[in-house]
Amino acid sequence: MFVKKQPISDNQNILSSPVGYLKGVGPQRAELLQKELNVFTFNDLLHHYPFRHVDKTKLTLVGTLVPGEEYVQVAGILSPFELIGEKRGRRLIAQLKDKTGVLELVWFQSIQLIQKMLHPGQAYLVYGKLSFFMGKPQMVHPEMEAWDPEKLKGRDYLEPVYPSTEKLKAKNLGGRQLGKLTATLVQHLTERELPENLPQPMLEALRLMPRAEAYRNIHFPKTTALYEAAVRRLKFEEIFFAQLRMNLLRWERHRFSKGVVFEKVGEFFNRFYRECLPFELTNAQKRVLKEIRVDTGRGKQMNRLLQGDVGSGKTIVALLNMLLAADNGFQAVLMAPTEILARQHYQGIKELLEPLPVEVAILTGTTKGKERRALLGQLAAGTIHILVGTHAVIEDPVQFRNLGLVIIDEQHRFGVAQRARLWDKAPIPPHVLVMTATPIPRTLAMTAYGDLDYSVIDELPPGRKPIQTVHRYENDRSLVMDFLKAEIELGRQVYIIFPLIEESEKLDYENLMQGYEEVKTYFSEPQYWISMVHGKMPALQKEENMRRFVTHDTQIMVSTTVIEVGVNVPNASVMLIESAEKFGLSQLHQLRGRVGRGAEKSYCVLLTGKKLGNEARERMKIMTSTSNGFVIAEKDLELRGPGDIEGTRQSGALSFKLIDIVNDRPMVEAAKQECEKILKDDPDLSKPEHRTIREFLKTQKGKTAWSKIS
Ligand code: ADP
Ligand code: MG
């Protein structure tokens, strides 16, 4: 038996046995595997995949070796050793001869040991990484074993090499030794432990390898082709079930959730629309409003993602939606990621609603004491219609009289779990609208937010002049500053942004202060007035600085990226980004969106050092060539991969083991189609042909907040 003790329950569950039960794993190794690799169970070990395979099934003739081959295995007779070089250049050399040529073997370390263990004149099987030196084939620190033709016969699969760590290596669990454990495990796994979870017709149609076979072949394939087929199968399974879970959440909500009904468009909405709306809505805004109207009126909970590029006018859509809630006797919340943004929303909304008898309030982390108690009382009594705030709104024991709508602005990190918390705030869960200006490529969106419905504002309000973006080098600094001065002369305002170096708040601060001093050498009082805002500044001071810029008491805003989201100063016409190479694409795009909000022509200047990496250069090129947020998001995804796309890192929805949703896009699409086909035909997965899927999902329940569907 390959397990030492009887595992927890029946064989079905053998995969959940602690890894310490596996033959060859003592308590010490078990602890290390947990600590170093997060491998706790048999199942974890099974999913610790090799990153490459060593092909020791074939022999290559020395005479046929050519540059470009990576790892090769040859057999031949070892020549006598030669010690050459001095000190650090000292090395041991020998030749390996077969009937077609000579391969040079080189050792820099363990020179004495090697001489003792290997015997010139004898035949060896040699494996290692091939290199060429002065046109001759060479192998440094090869693996050597005594040659025996029988040996090769027993080897009928490629040997896996696993990711490992120094500590594991010290306990004899290096990249290849881990394979021994995995072999013990995999040998004994059959279809019983790894039952097929996809329907047979799907396997056939998509030519996917059966599941148990795939697990065997991802670890111990006989050929590279089999390995690739195994990876393909497991990738598909991974993305298919991820999407299926998301889709199920959405489908079930569509079918079963209860939602408060906004049945009528009332006085608040109509009066605002007729008397207070400062502009005509764009067609895209109207379309989205309609989608929201339908969604909030049908008795199901709305869960909608609203994407719209910076400046596309999401706020007004949010406001109209909140008025709709008020018209139907419900309270609404607008939640922003930062205090500054919450305050700006609050002020903007209050001004717009001035003529209407709508009560608006703000609640943030700085709302304290008496004010706070009074506010909580009013919320519970229902005298406040619209509450604007930060996270404090859901984190605190804030009670509403009848909360009907929650709008979350610029919050990608607001995942399934956080949304679920809102459901406790009212007997029937409130409608949820998540708004984001960081456009997410479609593939990503449907994977990260697959449980949400989706609206897009794909049109900017009319009359916007395109923002001219230029890239300048550090040595043009004084010219750039002259340009800023000229704009200020014309009555405009400018932003100067410094990067945030995540690792150290202190460094950021110093960096900003240095920059600030430098800015002051160009712009001195009393001609120029500067506001500064940074993350470490007390809220009141931050707000005062912001206010002074908003009211045009200052012409220059020096800041870190705290300014990034939402801030709206239409008179600002220049966005200067210092050390622009340190910013990601979507961040640059967000920052640029702070200008171009008024009638004046606006500029974005990307200032960088002279030496730029290829990727940074590419980013600058993209920024100067397009202003379309969706195009930029696609490029961002290509350049950085999904792991780094802002906000998705935390969403967890994208932490895949095998699939790479950028490079495997066709497969992502295929999986999506299969999901939709199945759910359309059988939303409960109750048909017999979907039994395998249903059974598998049951074993996976912990992975999603299923049960939280009200
Ligand atoms: P975002 O989508 O980035 O949150 P905002 O809602 O802040 O954008 O809107 C950006 C600016 O555009 C604001 O000054 C807003 O008043 C203005 N705006 C929004 N919709 C329209 C419209 N239909 N016509 C003209 N201006 C608009
Ligand atoms: Mg906004």
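Scroll up to find the structure this text is about.
In short, a report on the structure. (Residues numbered from 1 in each chain as written. Chains lettered and ligands numbered in written order. Predicted model: local features only at pLDDT ≥ 70, side-chain atom pairs only at ≥ 80, totals over all residues. Heavy atoms only, no water.)

### Section: the packing of aromatic side chains
- Evaluated as defined, the whole model comprises eleven aromatic pairs.
- Seen from their ring centres, F236 and F240 are 5.8 Å apart, and the 15° between their planes marks the pair as stacked. Taken together, the positions of F236 and F240, both in helix α9 (residues 224-256) and four residues apart, correspond to about one turn of that helix. This pair shows no difference in class: F236 is buried, exactly as F240 is.
- Taking 5.7 Å as the distance between ring centres and 40° as the angle between the ring planes, the aromatic pair formed by F262 and F330 counts as tilted. With F262 in the loop between α9 and α10 (267-276) and F330 in the loop between α12 (314-327) and β11 (331-335), the pair connects residues that are 68 residues apart, well separated along the chain.
- Three or more aromatic residues joined by ring pairs make a cluster, and in this case those are F236, F240, F241 and F696.
- The ring of Y71 carries R52 above its face, with NZ or CZ at 4.1 Å from the centroid.
- We note K485 situated over the ring of F523; from NZ or CZ to the ring centre the distance is 5.6 Å. (Phe/Tyr/Trp six-rings, centres within 6.5 Å; stacked < 30°, edge-to-face > 60°. Helix = DSSP H or I, 4+ residues; strand = E, 2+ residues; numbered from the N terminus. Buried < 20%, exposed > 50% of the residue type's maximum accessible area, 1.4 Å probe, protein only. Lys NZ or Arg CZ within 6 Å of the ring centre and 35° of its normal.)

### Regarding the site of ligand 1
- Not every one of the 16 residues close to ligand 1 is listed here, only the nearest: E280, G311, K314, T315 and R464.
- Residue E280 places a main-chain N or O atom 2.9 Å away from a nitrogen atom belonging to ligand 1.
- Here an oxygen atom of ligand 1 sits 2.7 Å away from a polar atom, N or O, in the side chain of K314.
- Protein chains shield 83% of the accessible area of ligand 1, which is 560 Å² for the free molecule. (Near = heavy atom within 4 Å. Polar contact = N/O pair within 3.5 Å; in protein donor to acceptor, adjacent residues only side chain to side chain. Areas by Shrake-Rupley, 256 points an atom, 1.4 Å probe, with all protein chains shown as cover.)

### Side note on the sheet that holds strand β16 (residues 453-457)
- Reading across the sheet, the seven strands line up as β12-β13-β11-β14-β15-β10-β16 and stay open at both edges, with parallel pairing between neighbours. Both edges of this open sheet fall to β12 (360-363) and β16, since each of them pairs with a single strand only. Each strand axis lies, on average, 20° off the axis of its neighbour in the sheet, ignoring direction.
- Bridge analysis of strand β10 (residues 303-308) against β16 gives five bridges, and the strand direction is parallel. Bridging from a neighbouring strand, L306 pairs with S455 of β16. (Pairing = 2+ DSSP bridges. Axes fitted to C-alpha atoms, helices over the stretch in contact; angles between N-to-C directions.)

### Re empty space enclosed by the protein
- Throughout the structure, instances matching the rule amount to two cavities of 30 Å³ or more.
- If you add up the space inside the second largest cavity, you get close to 30 Å³.
- Along the walls of the second largest cavity sit R250, R253, H254, R298, Q301, N303, D451 and D453, which together make up its complete lining.
- Looking at the lining of the second largest cavity, the element that brings in the most residues is α9, giving three residues.
- Split into classes, the residues belonging to the lining of the second largest cavity amount to no nonpolar, three polar and five charged. (1 Å grid on protein atoms, 1.4 Å probe; cavity = no way out; pocket = protein on both sides within 12 Å on 5 of 7 lines; lining within 4 Å. Points joined across faces, edges and corners; volume = space filled by probe spheres on them. Nonpolar A, V, L, I, M, F, W, Y, C, P; charged D, E, K, R; others polar.)

### Thoughts on the pattern of salt bridges
- Here the structure, examined in full by the defined rule, presents 32 salt bridges.
- Across the pair E193 and R192 runs a salt bridge whose closest N-O atoms are separated by 4.0 Å.
- Members of the salt-bridge network, linked through shared partners, are K56, E143, E159 and R176. (Salt bridge = Lys/Arg side-chain N within 4 Å of Asp/Glu carboxyl O.)

### Structural notes on helix α14 (residues 369-381)
- Here α14 contains 13 residues, and its C-alpha end-to-end distance of 18 Å stays within 8% of the 18 Å for a straight helix at 1.5 Å per residue.
- Three or more residues of α14 are buried, namely R372, L375 and L379. Summarising the axial view, the buried residues of α14 lie within an arc of 65°, below the 170-degree limit, and thus occupy one face. Along α14, exposed side chains directed more than 90 degrees from the buried face belong to K370 and R373.
- The secondary structure elements touched by the buried residues of α14 are β11, β12 and β13 (386-389).
- Downstream of α14 by a residue or two, G382 has a phi angle that is positive, lying close to 85°. (Expected span 1.5 Å × (residues − 1). Arc of directions from axis to C-beta. Contact = heavy atoms within 4.5 Å.)

### Comments concerning unusual backbone geometry
- With omega at 5°, the peptide bond leading from E525 into P526 counts as cis.
- Phi is positive for K87, which is not a glycine, with a value near 45°.
- Along the chain, the position of K87 falls in the loop between β3 (82-84) and β4 (91-98).
- Even without being glycine, S579 reaches a positive phi, approximately 45°.

### Digging into the packing of α9 against helix α26 (residues 691-699)
- Packing of α9 against α26 leaves a shortest axis separation of 12 Å and a crossing angle of 80°. With respect to α26, the axis of α9 lies roughly perpendicular. Listed contacts from α26 to E237, F240, F241, L244, R245 and L248 of α9 are I693, F696 and L697.
- For the contact of α9 with α26, the class distribution of residues is seven nonpolar, no polar and two charged. (Parallel < 35°, antiparallel > 145°, perpendicular 65-115°, else oblique.)

### Describing the sheet that holds strand β18 (residues 493-497)
- Spatially, the six strands line up as an open sheet ordered β17-β22-β21-β18-β20-β19, and their pairing is parallel. What marks the edges here is a single partner per strand, and that holds for β17 (468-473) and β19 (530-533). Across this sheet, the average inter-strand angle for adjacent strands is 20°, counted without regard to direction.
- Pairing analysis gives five bridges linking β18 to strand β21 (residues 572-577), with the strands arranged parallel. Counterpart to Y495 in the pairing with β21 is M575.
- On top of the sheet, helix α18 (residues 477-489) reaches β17, β18, β20 (556-559), β21 and β22 (603-608); it is set at about 165° to β21, its chief contact.
- With respect to the sheet, helix α22 (residues 614-625) is in contact with β17 and β22, its orientation differing from that of β17 by roughly 150°.

Just geometry here; none of it tells us what the structure is for.
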